[in-house]
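# Examination of the molecular architecture
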Amino acid sequence: MALVEIRFREMASKSWLNFLTFFCGSLFGYFICSQLFSIFLGEQGDTQPSILHNDPHARHSDDSGHGHLEGQMDFNADVSQHTDENTDVSKKLYQKVKILCWVMTGPQNLEKKAKHVKATWAQRCNKVLFMSSEENIDFPAVGLKTKEGRDQLYWKTIKAFQYVHDHYLDDADWFMKADDDTYVVLDNLRWLLSKHDPEKPIYFGRRFKPYVKQGYMSGGAGYVLSKEALKRFVDAFKTDKCTHSSSIEDLALGRCMEILNVEAGDSRDTTGKETFHPFVPEHHLIRGYLPKTFWYWNYNYYPPVEGPGCCSDLAVSFHYVDPTTMYELEYLIYHLRPYGYLYRYQPALPANIGKEISEAYKNEDQKVKLGNP
Amino acid sequence: MFSESSSFLKGMMLGSIFCALITMLGHIRIGHGNRMHHHEHHHLQPINKEDILKISKDERMELSKSFRVYCIILVKPKDVSLWAAVKETWTKHCDKAEFFSSENVKVFESINMETDDMWMMMRKAYEYAFDKYKEQYNWFFLARPTTFAIIENLKYFLFKKDQSRPFYLGHTIKSGDLEYVSMEGGIVLSIESMKRLNSLLSVPEKCPEQGGMIWKISEDKQLAVCLKYAGVFAENAEDSEGKYVFNTKSVGLYIKEAMNNQPQQVVEGCCSDMAVTFNGLTPNQMHVMMYGVYRLRAFGHIFNDALVFLPPNGSNND
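First things first, this report covers the structure right here in the doc. The shown structure was predicted, so the numbers you read here are calculated from the model rather than taken from an experiment. (Residues numbered from 1 in each chain as written. Chains lettered and ligands numbered in written order. Predicted model: local features only at pLDDT ≥ 70, side-chain atom pairs only at ≥ 80, totals over all residues. Heavy atoms only, no water.)

### Overview of the overall build of chain B
The helix and strand inventory of chain B stands at eleven helices and 13 strands. Judged by the C-alpha coordinates and their principal axes, chain B covers about 90 × 55 × 40 Å. Burial statistics for chain B: of 318 residues in total, 58% are counted as buried. A total accessible area of about 14200 Å² is found for chain B, and carbon and sulfur atoms account for 55% of it. Of the charged side chains in chain B, 36 are positive and 38 negative, and the gap between their average positions amounts to 1 Å. (Helix = DSSP H or I, 4+ residues; strand = E, 2+ residues; numbered from the N terminus. Buried < 20%, exposed > 50% of the residue type's maximum accessible area, 1.4 Å probe, protein only. Areas by Shrake-Rupley, 256 points an atom, 1.4 Å probe, with all protein chains shown as cover. Lys, Arg positive; Asp, Glu negative; His and termini not counted. Charge placed at Lys NZ, Arg CZ, Asp CG, Glu CD.)

### Notes on the packing of aromatic side chains
This structure, assessed with the given rule, holds 40 aromatic pairs over all chains. Relative to Tyr296 of chain A, the ring of Phe279 of chain A lies with its centre 5.7 Å away and its plane at 70 degrees, an arrangement referred to as edge-to-face. Linking Phe279 of chain A in the loop between strand 11 (263-264) and helix 9 (281-285) with Tyr296 of chain A in helix 10 (residues 296-299), this pair joins segments that are 17 residues apart in sequence. The burial state of Phe279 of chain A is the same as that of Tyr296 of chain A; both residues are buried. Taken together, Phe208, Tyr211, Tyr216, Phe279, Phe294, Trp295, Tyr296, Trp297, Tyr299 and Tyr320 of chain A form an aromatic cluster joined through their ring pairs. Above the face of the Trp191 of chain A ring, Lys195 of chain A is positioned so that its terminal group lies 3.6 Å from the ring centre. Residue placement shows Arg297 of chain B over the ring face of Tyr343 of chain A; its charged tip is 3.9 Å from the ring centre. (Phe/Tyr/Trp six-rings, centres within 6.5 Å; stacked < 30°, edge-to-face > 60°. Lys NZ or Arg CZ within 6 Å of the ring centre and 35° of its normal.)

### Things to note about the interface of chain B and chain A
With 76 residues of chain B at the interface, the matching set in chain A holds 81 residues. Summing both partners gives a buried area of about 7400 Å² for chain B against chain A, and 62% of it is carried by carbon and sulfur. When the area that chain B buries against chain A is broken down by residue, the three leading residues are Asp273, Arg297 and Phe299 of chain B, summing to 13%. Along the contact surface separating chain B from chain A lie four salt bridges. Linking Asp313 of chain A and Arg295 of chain B is a salt bridge whose minimum nitrogen-to-oxygen distance equals 2.7 Å. Our count for the contact surface shared by chain B and chain A stands at 31 residue pairs in polar contact (both at pLDDT 80 or more). Listing elements by their share of the side of chain B that touches chain A, those giving two or more residues are helix 1 (2-29), helix 2 (49-53), helix 6 (151-158), helix 9 (251-261), helix 10 (266-270), helix 11 (283-294) and strand 13 (302-303) of chain B. Per-class residue counts for the side of chain B that touches chain A are 37 nonpolar, 25 polar and 14 charged. (Contact = heavy atoms within 4.5 Å. Buried area = accessible area lost by both parts, 1.4 Å probe. Salt bridge = Lys/Arg side-chain N within 4 Å of Asp/Glu carboxyl O. Polar contact = N/O pair within 3.5 Å; in protein donor to acceptor, adjacent residues only side chain to side chain. Nonpolar A, V, L, I, M, F, W, Y, C, P; charged D, E, K, R; others polar.)

### Focus: the pattern of salt bridges
Applying the stated criterion across every chain yields a total of 23 salt bridges over all chains. Asp116 of chain B is paired through a salt bridge with Lys76 of chain B; the nearest N and O atoms lie 3.9 Å apart. Linking Asp116 of chain B in the loop between strand 4 (111-112) and helix 5 (118-133) with Lys76 of chain B in the loop between strand 2 (69-75) and helix 4 (80-88), this pair joins segments that are 40 residues apart in sequence. Exposure remark for Lys76 of chain B: the relative accessible area of 17% places this residue in the buried category. Linked by salt bridges that have partners in common, Lys177, Asp179 and Glu249 of chain A make up one network.

### Structural notes on the sheet that holds strand 4 (residues 142-143) of chain A
Residues and elements named next belong to chain A. The strand order 4-3-2-5-10-7-11 describes an open sheet built from seven strands, whose pairing is mixed. In this open sheet, the two strands that pair with only one neighbour each are strand 4 and strand 11. As paired elements, strand 7 (residues 202-204) and strand 11 share two bridges and run parallel to each other. When the sheet's bridge partners are listed, Tyr203 is paired in strand 11 with Ala264. (Pairing = 2+ DSSP bridges.)

### Examining the side chain of Ser7 of chain B
Tracing the backbone through its elements, the reader meets Ser7 of chain B in helix 1. On the accessibility criterion, Ser7 of chain B (8% relative accessible area) is buried. Apart from the residues within four sequence positions on either side, Ser7 of chain B is in contact with Asn18, Thr21 and Phe22 of chain A.

### Notes on the state of the cysteines
Counting across every chain of the model gives six disulfides over all chains. Covalent S-S linkage joins Cys310 of chain A and Cys311 of chain A, the inter-sulfur distance amounting to 2.0 Å. Residues Cys310 of chain A and Cys311 of chain A are joined through a disulfide that is left-handed, its torsion about the S-S bond being -100 degrees. Judged by its relative accessible area of 0%, Cys311 of chain A is buried. Cys270 of chain B shares a disulfide with Cys271 of chain B; S-S distance 2.1 Å. One disulfide, between Cys270 of chain B and Cys271 of chain B, carries an S-S torsion of -65 degrees and so falls in the left-handed class. Under the relative-accessibility criterion, Cys271 of chain B is labelled buried at 1%. (Disulfide = S-S within 2.5 Å.)

### Focus on the packing of helix 5 (residues 153-168) of chain A against helix 8 (residues 249-259) of chain A
Residue and element names in this part refer to chain A. Following both chains from N to C, one finds helix 5 and helix 8 inclined at 55 degrees, their axes separated by 8 Å at the closest point. Between helix 5 and helix 8, the angle falls in the class oblique. When the axes of helix 5 and helix 8 are compared, the crossing they make is right-handed. Contacts from Leu153, Tyr154, Thr157 and Phe161 in helix 5 reach Glu249, Ala252, Leu253 and Cys256 in helix 8. The residue inventory of the contact of helix 5 with helix 8, partitioned by class, reads six nonpolar, one polar and one charged. (Axes fitted to C-alpha atoms, helices over the stretch in contact; angles between N-to-C directions. Parallel < 35°, antiparallel > 145°, perpendicular 65-115°, else oblique. Left-handed = near helix turned anticlockwise from the far one by under 90°.)

Given below as structure tokens:
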């Protein structure tokens, strides 16, 4: 009896063992097979990169040539998306109206914020510098050798403009300051500045009225100094015309500009709409978004408008722009468009540019709008 | 020992076969993460750029006017703030836009469908639109008020497409055997599709009013089933790069996804330059899109377009 039992147990354990090996075998087979498949399919995946091609617009502003490529370049990608786009006027203005941009940032914000500025609008400046308290060779960022903090902003601004003046004065006509949460539309800034002389002492931005008789420019919305204005500003600290110490950067700069007889310019478009904006589009476009008790309504130099009249079609800047919104604005301004749409606002080409372009296209049938409606 | 190794081998064989099966099945579904991968359904693309240049100036004007798009927006009283936004924004660019509501709402004019059921609303709206407007419009666009549409890009997409053919397009989704156009991205029907649909709507076996037996089938699926009987099949609309032109999410959401998946090429990985729809917008975002699409732009970038669309009368936000 016991023998049968033992035999039975033997057989049971044997079939149990068989089952176990079968199971292990199937797992092993599955594993081997899935590895083979992933290698096989992986190769296919590589030949279809999801990255297609470099943004052609960003590269046209790269003066140093088209030699270096960033990211993957797929030569089979269909570039026809932008073949009906004529950027001659934009390119012409790039050569005629040279703008150096410097972006106020800090060591903690290089990866969080400044990176997205670099990936979007900064490429369109003739020259761009990222100003931080500490140098960062990789980003790259200039080290101003200051501390960080809101109370350091004016000191950083002074040192930044000094640095720009000492190293790049002859490389640009206009000098733009922006924050790492400001989005700037360089093409529209060039259109605005093309009507003005960089040898004149003048600066532009979103004009505020309190405290300074001729008004001063909002720091966050960004402001741009003419070459002459920059010279006077840097000189002011050597000759003690302006004070170094202040915790309110934009107001202090505005006061200094007034002392130096640098004019606070009118940056509105030809229909009177503002171009520099201290907030994102939503805050300006939606009626009632900013409560009537908000400081903004009392600060604006020109009558403030909410709703569609708030903002020019050729807006120059927006502020408090988070990283997602940076890319959204980039998409809405430089990519998405209503095909064939005849925009209501047809701004004039700057006179000298218009002449050059029309001479070049004398024999071609181009739809370049030259006049105001 | 021998029996063990043989059972191991048998196991291996079974395992590999099983794995192969799974991979094959999965491979059909692969690529939904990569938005530009080609699925096995039909794709439609816009007209070739080279063909555009062959068209004369006069022909272009004629062609621009030849697209007559009628917009159907299905609303319910709870949608009232989106309804307001949609009314003040993109629907002004339809050749005609009408709101079909589940019930009458005091604040806004609408056509009362007298039903709460989305599928019933859709059927009645299509019947109404075809009945009244079959002579006047050749393309019919249906959307919910969560959608923002750029009608000019829709017309560009439809350029040179023959409306006497049964077109049924948008953002397609495959559900088992059925390929249907998602309501969230907007549904486009040519006049021919409308004709065929309307002849079937009165046939309860083909187009039942109550779709699913156990659970409700969504109205966009019901539409697809109905249209299938009429020989009308869903087609996915893509641009020349394979990017979807009808989108079921907002720009912000696609940007966020691209920031995660391809941080070096965020904008390129986001969306088409000639996108027609985005979905899931708030009323405020509708107004921002209106400004961002129809007004905000970069000076000095000029386009030689084959079509010309004028801004609508009596509007100040475009």
